[in-house]
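# Notes for the structure review
The primary structure of each chain is shown beneath.
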Amino acid sequence: MFPTLIDLGTHDLPLFGEQHLFLPTYGFLFALGVVAAWIWFMRRAQGMELPEDRLFNLTFYSVLAGILGAKLLLIVVDWRTYLADPVEILGTLRSAGVLMGGVLAGALTFVYYCRRYGLPLWRLADAIAAPLVLAQAMGRLGCFSAGCCWGVPLDASNPLAITFTDAQARAQTGVPLDVALFPSQLAEMFYDLALVVLLSVLWRRRLKPSGTVFWIYVLLYSLGRGTIEFWRGDVHRGVYFGGFASTSQLIAVASVLLALVMLVHGVRQRRQADTTPS
C-alpha cells in the first residue's frame, strides 16, 4: 500500500546522526481524524453554551490520555519484548498502540474532567460518540495504508482478499508480503462509518436519558470490534484461552456487558419519569 506519504530523504542531524525523515501515511491520517473529530465535537458542545476553554481542555486531555493509554496497553500485552529490550519502548513513538486501551484511557480522563469541573458528562458523552468513531474510521484507513492490523490469510481467489507488497510496510509493521489476507482494516473502517451515520441520527433525536447515545456507541463498537477481531491475523497484541480471544476482545466483552447494564438502567429511568406525575 502506501506507508510513506512524503519521503524527505536521509539527513545527518545534530545529536541524532544520520536519520531517514519521512511523513508516514498512518500518522497523517490519524492526526487528520483527531482534528476532524475535535472540530466536530467542539461545534456540537458549543451549542450547550459551556465555557469554551473547559471544552478545549476536556478534548485535549482526553486525546492525550487516549494516545498514552493505547501505547501503554501495547507495552503491557507485549511486555516480554520490552522487558528483554527496554530500548524498544522508544519504538512505540511510531506506533498507534492498542486502540481499546486508548479508548479506555481517554474515556476515564473524559469522565474525570467533567466531574472535576461540573460539566454535563452524559450530554457531552452523547455529543462525542459520532466524532470519536469518525476518528477511529480514519485511523483504520491509516492502518490499511501502513499494513498494520492485517487479517488472516485467505484463498487468493477470494474477492475480498488483499495483498501487501511494499517492503517498507513489512519493515514497519511486520505485515506478510505477497500473501492474500482478509482486509480487516477496511472491514472495521466501513463498520465505523456506518456507525457514524447511525449515531449522528440518534444524537439529533436527543434520546433520553442523556448518555443513551454514548452507551449505544460502546455496545455497537465493542460488538463490531470483537467480531472483526476473529479475522485479525496479527496475534502479537496478546491472545488468551489457547488463541481464542485477544486482549481487545476481552475489553470488548467487558464493554458490552457494561453498556447493556447502563442501557437497561436508562430504560428504567425513562419509564419511571414517564409514570411520575408532574
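Relevant structure appears above.
Report on the accompanying structure. Everything numeric in this text was worked out from a predicted model, so none of it was measured. (Residues numbered from 1 in each chain as written. Predicted model: local features only at pLDDT ≥ 70, side-chain atom pairs only at ≥ 80, totals over all residues. Heavy atoms only, no water.)

### Comments concerning helix 9 (residues 247-275)
For helix 9, which comprises 29 residues, the first-to-last C-alpha distance of 43 Å matches the rise-based estimate of 42 Å (1.5 Å per residue) to within 8%. Taken together, the buried positions of helix 9 are occupied by Thr247, Ser248, Gln249, Ile251, Ala252, Ser255, Val256, Ala259, Leu263 and Gly266. (Helix = DSSP H or I, 4+ residues; strand = E, 2+ residues; numbered from the N terminus. Expected span 1.5 Å × (residues − 1). Buried < 20%, exposed > 50% of the residue type's maximum accessible area, 1.4 Å probe, protein only.)

### Thoughts on the state of the cysteines
Following the criterion strictly, the structure yields zero disulfides and no others. In this structure Cys143 is a free cysteine whose sulfur lies 3.5 Å from that of Cys148, the closest cysteine sulfur available. No disulfide involves Cys149; its sulfur sits 3.7 Å from the nearest other cysteine sulfur, which is in Cys143. Owing to a relative accessible area of 13%, Cys149 belongs among the buried residues under this scheme. (Disulfide = S-S within 2.5 Å.)

### Regarding the pattern of salt bridges
Scanning the model with the defined rule gives three salt bridges in all. Between Arg140 and Glu188 there is a salt bridge, with the nearest N and O atoms lying 3.6 Å from each other. Here Arg140 is found in helix 5 (residues 121-146), whereas its partner Glu188 is found in helix 7 (residues 184-204), with 48 residues between them in sequence. One salt bridge in this structure joins Glu229 and Arg232, with 3.5 Å as the shortest N-O distance. Under the relative-accessibility criterion, Arg232 is labelled buried at 8%. (Salt bridge = Lys/Arg side-chain N within 4 Å of Asp/Glu carboxyl O.)

### Thoughts on helix 1 (residues 25-46)
Each full turn of the α-helix corresponds to 3.6 residues, which orients residues three or four apart in the same direction. Under the 1.5 Å per step criterion, the end-to-end length of helix 1 is 32 Å for 22 residues, consistent within 8% with the ideal 32 Å. For helix 1, the full list of buried residues reads Thr25, Tyr26, Leu29, Gly33, Val34, Ala37, Trp38, Phe41, Met42, Arg44 and Ala45.

### Some details on the packing of helix 5 against helix 8 (residues 212-228)
In contact at an axis separation of 7 Å, helix 5 and helix 8 are set at 30 degrees when each is read in the N-to-C sense. Accordingly, the angle class assigned to the pair helix 5 and helix 8 is roughly parallel. Here Trp122, Ala125, Asp126, Ala129, Leu132, Val133, Gln136 and Arg140 of helix 5 come into contact with helix 8, specifically with Thr212, Val213, Phe214, Trp215, Tyr217, Tyr221 and Arg225. (Axes fitted to C-alpha atoms, helices over the stretch in contact; angles between N-to-C directions. Parallel < 35°, antiparallel > 145°, perpendicular 65-115°, else oblique. Contact = heavy atoms within 4.5 Å.)

### Brief notes about the side chain of Gln185
By the element assignment, Gln185 lies in helix 7. From its side chain, Gln185 meets the backbone oxygen of Cys148 in a polar contact 3.0 Å long. In this structure, Gln185 is in contact with Arg140, Cys143, Phe144, Gly147, Cys148, Cys149, Trp150, Ile162 and Phe164, ignoring residues within four places of it in sequence. (Polar contact = N/O pair within 3.5 Å; in protein donor to acceptor, adjacent residues only side chain to side chain.)

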